[in-house]
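The primary structure of each chain is shown beneath.
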Amino acid sequence: MLFVSLISTYLIYKGRSRVGPFPHETWVDPTSGHQLHAILNIPVTSASTFTLLMSSLFMVLALAAVENKGRFPMRTWWQRRLASSKLWLWATAIAGTTFLGFQAFEFTSFVHEGLSIRTNLFGSSFFTLTGFHGAHVTAGVIWLLTLLSIDYKRGLGPADSLKVDIAALYWHFVDVVWIAIFTLVYLIK
Amino acid sequence: MEHDTAHSDAATHAPDAHHEEYHPEWSTYWKVALILTVITVGEVWMYYVPAIVASRAFVPGLLALSALKFAIVVMFYMHLKYDHKLFRALFTGPLMIAGATLIALMFLFGHFVAKL
């Protein structure tokens, strides 16, 4: 409901900003006369979207590794590595952190291009929506690192699968919210 | 691969005492990731083709692809496809309420009025 409210707010304010920069349209700054390009960087956001989608894959593989730990003999080094919950939990946390890095880069470049949370309606609704999502990703990364610390301390096994499953459900929720944001905010002009 | 086979067997075994859910095989997870990537590439491709952007199918097409990705993640990664009907209802019920709230808010604030 929180994200629906934020997405609704973004959509309601879409196209109602009186001054630029704008998400998909060029804009001429009346004070300087400079023409500013559309501010959204689709290639960068596509890369960050891909990273978050892959993090969901890593998360289900981490869960599968925890559930199946000790069930089957792993004969080779490669088999043992692929069945390691630590590997997939690290991969998920790194992918989540990479996504946050993309978001930090995007926010920084927007501010340098003259768009802040106070500039116009687009800036206010955009930073609030994507900022809240980023905060949820940050919480997810902290949760994953907590699971990793437990894994290093005593090892995660089938008895812990429910704990990892709940963390995975949260992570996928963050992913599906981004699927909606990517289309509604970035792609629909 | 032997490793995959081991996990495939695990996925098709009866649920154990600790975890009574049924999860898909590893290969399914990889296929799902590939499908999600292909759909995302398709979405971005649509964004860069002026003829598609100018057509009336652009927004509905993007919304349909987004809904498809959403459903795939929910069904396979969030394993709702394999869960009890109660969990499905607990997820889809609030989701429908959220969707209705979004549409209601859009109407309330006159987002659709200008286009009617």
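Residues numbered from 1 in each chain as written. Chains lettered and ligands numbered in written order. Predicted model: local features only at pLDDT ≥ 70, side-chain atom pairs only at ≥ 80, totals over all residues.

Draft legend 1. Main features of the overall build of chain A. The helix and strand inventory of chain A stands at six helices and two strands. Overall size of chain A, expressed as C-alpha extent along the three principal axes, is 70 × 30 × 25 Å. Of all intrachain contacts in chain A linking residues separated by at least 6 positions in sequence, the fraction that spans at least 24 positions is 75%. (Helix = DSSP H or I, 4+ residues; strand = E, 2+ residues; numbered from the N terminus. Contact = placed C-beta atoms within 7 Å.)

Draft legend 2. Representation of the overall build of chain B within the structure. A tally of regular secondary structure across chain B gives five helices and zero strands. Secondary structure elements in chain B, listed N-terminal to C-terminal, are α-α-α-α-α. Across the 116 residues that make up chain B, the buried fraction comes to 17%. Of the contacts made within chain B by residues no fewer than 6 positions apart, 41% connect residues no fewer than 24 positions apart. (Buried ≥ 20, exposed ≤ 12 C-beta atoms within 10 Å, placed from the backbone.)

Draft legend 3. Expanded view of the interface of chain B and chain A. Listed as interface residues are 36 residues of chain B and, on the opposing side, 38 residues of chain A. Among the secondary structure elements, those contributing two or more residues to the side of chain B that touches chain A are α1 (2-12), α2 (26-48), α4 (58-77) and α5 (85-108) of chain B. Taken together, the residues of the side of chain B that touches chain A sort by class into 22 nonpolar, 10 polar and four charged. (Nonpolar A, V, L, I, M, F, W, Y, C, P; charged D, E, K, R; others polar.)

Draft legend 4. Molecular detail of unusual backbone geometry. One non-glycine residue, His 79 of chain B, adopts positive backbone phi at about 45°. Summarising the element assignment, His 79 of chain B is placed in the loop between α4 and α5.

Draft legend 5. Structural view of the packing of helix α5 (residues 121-153) of chain A against helix α6 (residues 161-187) of chain A. Residues and elements named next belong to chain A. It is the contact of α5 with α6, at a shortest axis distance of 10 Å, that shows an interaxial angle of 155°. Taken together, α5 and α6 sit at an angle that is classed as roughly antiparallel. Considering the relative orientation of α5 and α6, their crossing is left-handed. Packed against α5, whose contacting residues are Phe 126, Leu 129, Thr 130, His 133, His 136, Val 137, Gly 140, Trp 143, Leu 144 and Leu 147, the element α6 presents Val 164, Ala 167, Tyr 170, Trp 171, Val 174, Val 177, Trp 178, Ile 181 and Val 185 at the interface. Partitioning the contact of α5 with α6 into residue classes produces 15 nonpolar, four polar and no charged. (Axes fitted to C-alpha atoms, helices over the stretch in contact; angles between N-to-C directions. Parallel < 35°, antiparallel > 145°, perpendicular 65-115°, else oblique. Left-handed = near helix turned anticlockwise from the far one by under 90°.)

Draft legend 6. Main features of the nonpolar core. Residues Val 60, Leu 61, Ala 62, Leu 63 and Val 164 of chain A are the most contacted members of the largest nonpolar core, which totals 54 residues. At the level of elements, α1 (2-13), α2 (42-67), α4 (85-112), α5 and α6 of chain A together with α2 and α4 of chain B are the ones that each hand at least two residues to this core. Looking at this core, the element that brings in the most residues is α6 of chain A, giving 14 residues. Leave out the neighbours within four places in its chain, and Leu 61 of chain A touches Trp 88 of chain A together with Tyr 29 of chain B. (Core = buried A, V, L, I, M, F, W, Y, C linked by C-beta atoms within 7 Å.)

Draft legend 7. Fine view of the packing of α1 of chain A against α5 of chain B. It is at 9 Å that the axes of α1 of chain A and α5 of chain B come closest, and there the two elements cross at 25°. As far as their axial angle goes, α5 of chain B and α1 of chain A are roughly parallel. The handedness of the crossing between α1 of chain A and α5 of chain B is right-handed. Across the interface between the two elements, Val 4, Ile 7, Ser 8, Leu 11 and Ile 12 of chain A of α1 of chain A pack against Ala 98, Thr 101, Leu 102, Leu 105 and Met 106 of chain B of α5 of chain B. When the residues that make up the contact of α1 of chain A with α5 of chain B are grouped by side-chain class, the tally is eight nonpolar, two polar and no charged.

Draft legend 8. Structural context of the domain arrangement of chain B. By domain assignment, chain B separates into domain 1 (23-80) and domain 2 (83-116). On a C-alpha basis, the centroid separation for the pair domain 1 of chain B and domain 2 of chain B is 20 Å. (Domains from an automatic or database assignment.)

Draft legend 9. Local environment of the confidence of the model for chain B. All names here are of chain B. Averaged over all residues, the pLDDT of chain B equals 81, while 76% of them reach at least 70. Of all the helices and strands in chain B, α1 carries the lowest mean pLDDT, 42, while α4 carries the highest, 95. Segment residues 1-19 is flagged for pLDDT under 50; beyond a separation of four residues in sequence, or across chains, it makes 31 contacts in the model. Interface confidence in the predicted complex, given as ipTM, is 0.88; pTM for the same model is 0.86. (pLDDT = per-residue confidence, 0-100.)

Draft legend 10. Quick peek at the environment of Leu 68 of chain B. Along the polypeptide, Leu 68 of chain B turns up in helix α4. In the structure, Leu 68 of chain B is positioned 13 residues away from Ser 55 of chain B in sequence and 21 Å away in space, judged by C-alpha atoms.

Draft legend 11. Expanded view of the environment of Ile 188 of chain A. As for its position among the elements, Ile 188 of chain A is in the segment after α6. A C-alpha to C-alpha distance of 28 Å links Ile 188 of chain A and Thr 92 of chain A, two positions 96 residues apart in sequence.

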